[in-house]
Amino acid sequence: MAAKDRDRFSTATRIRLLGEQTAARVYRSQNRRQARRSRLTGRAAFLALVVCSLVVALAYPMRSYVSQQGEIADQERRAAEAARRVEELRDEKARLQDPSYVRRLAREHLHYVLPGETGFTVNDPDAEQRPRADQGAAERPWYDNLWDGVDHADRP
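As the structure is a computational prediction, the values presented were derived from the model and not from experiment. (Residues numbered from 1 in each chain as written. Predicted model: local features only at pLDDT ≥ 70, side-chain atom pairs only at ≥ 80, totals over all residues. Heavy atoms only, no water.)

Glancing now at the overall build of the chain. A tally of helices and strands in the chain yields 5 helices and 0 strands. In sequence order, the chain lays out its α and β elements as α-α-α-α-α. Across the 156 residues of the chain, 3% fall into the buried class. For the chain, the exposed surface amounts to about 15,000 Å²; the carbon and sulfur share of it is 58%. (Helix = DSSP H or I, 4+ residues; strand = E, 2+ residues; numbered from the N terminus. Buried < 20%, exposed > 50% of the residue type's maximum accessible area, 1.4 Å probe, protein only. Areas by Shrake-Rupley, 256 points an atom, 1.4 Å probe, with all protein chains shown as cover.)

Next up, the structure:
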């Protein structure tokens with residue numbers, strides 16, 4: 001037993017134990033690295049490359065498809081609006097075929113009167129109290145007034 005105790009405390013034994021412990025640690029770390037490395041195999045990398053290539057290849061056609069669907073919806077909306085407007089115009093055309101409707105429009109908008117009727121024009125009594133927009137027109141030459149009329153004709 002004394003020989004065993006002596007071997008346990010000898011330098012050679014300590015170095016051997018230390019070497020074995022270090023070798024075990026290195027072996028464990030290598031196993032961990034190999035386990036980590038083995039997660040991504042060549043097949044998995046190739047599959048990831050193929051998936052990325054498909055995503056890139058299909059991105060532009062999908063974007064075009066979505067934008068074209070939006071344009072189609074917009075054109076359908078415009079076509080429905082145009083069809084509604086056509087129906088309104090057809091109804092208006094049918095009303096304009098009626099002479100009594102045309103006569104009523106002429107009386108309202110053009111102030112026409114039938115023979116034997118008396119037409120009246122009512123002046124606004126408050127018109128004199130409202131300020132005129134162009135009070136200095138009487139003092140200016142006629143051609144300035146004409147030119148101002150041409151300038152103001154394009155304004156809303």
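The next subject is unusual backbone geometry. Generally, phi is negative for residues other than glycine and the peptide bonds are trans, each holding for most cases. Non-glycine residue His 111 carries a positive phi angle of around 60 degrees. The topology assignment puts His 111 in the loop between helix H4 (99–109) and helix H5 (142–153).

Applying the stated criterion across every chain, the model contains 1 aromatic pair. With centroids separated by 5.8 Å and ring planes inclined at 80 degrees, the aromatic side chains of Trp 142 and Tyr 143 adopt a geometry described as edge-to-face. You can call Trp 142 exposed: its relative accessible area is 65%. (Phe/Tyr/Trp six-rings, centres within 6.5 Å; stacked < 30°, edge-to-face > 60°.)

What follows concerns the packing of helix H3 (residues 42–96) against H4. Remark: H3 packs on H4, axes separated minimally by 6 Å, with the N-to-C direction vectors making an angle of 95 degrees. The pairing of H3 with H4 is recorded here as roughly perpendicular in orientation. Across the interface between the two elements, Glu 92, Arg 95 and Leu 96 of H3 pack against Tyr 101, Val 102 and Leu 105 of H4. Per-class residue counts for the contact of H3 with H4 are 4 nonpolar, no polar and 2 charged. (Axes fitted to C-alpha atoms, helices over the stretch in contact; angles between N-to-C directions. Parallel < 35°, antiparallel > 145°, perpendicular 65-115°, else oblique. Contact = heavy atoms within 4.5 Å. Nonpolar A, V, L, I, M, F, W, Y, C, P; charged D, E, K, R; others polar.)

This part is about the confidence of the model for the chain. Per-residue pLDDT for the chain has a mean of 83; in total, 84% of the residues score no lower than 70. The element-level mean pLDDT for the chain is lowest in helix H1 (residues 2–8), coming to 56, with H3 highest at 94. (pLDDT = per-residue confidence, 0-100.)

Our next topic: the pattern of salt bridges. Any two side chains of opposite charge can pair if their charged atoms end up close together. Summed over all chains, the structure comprises 10 salt bridges. Note that Asp 74 is salt-bridged to Arg 77, the shortest N-O span being 2.7 Å. Of this pair, Asp 74 and Arg 77 are both found in helix H3, 3 residues apart, which corresponds to roughly one turn of the helix. Arg 140 is the partner of Asp 148 in a salt bridge, and the nearest nitrogen-oxygen pair spans 2.8 Å. (Salt bridge = Lys/Arg side-chain N within 4 Å of Asp/Glu carboxyl O.)

A few words on a nonpolar patch on the surface. Together, Phe 46, Leu 49, Val 50, Leu 54, Leu 58, Met 62, Tyr 65 and Val 66 line one region of the surface with nonpolar side chains, adding up to about 830 Å² of accessible area. By the element assignment, Leu 49 lies in helix H3. (Patch = residues over 30% accessible without salt bridge, like charges linked within 9 Å, V, L, I, M, F, W, Y side chains within 5 Å.)

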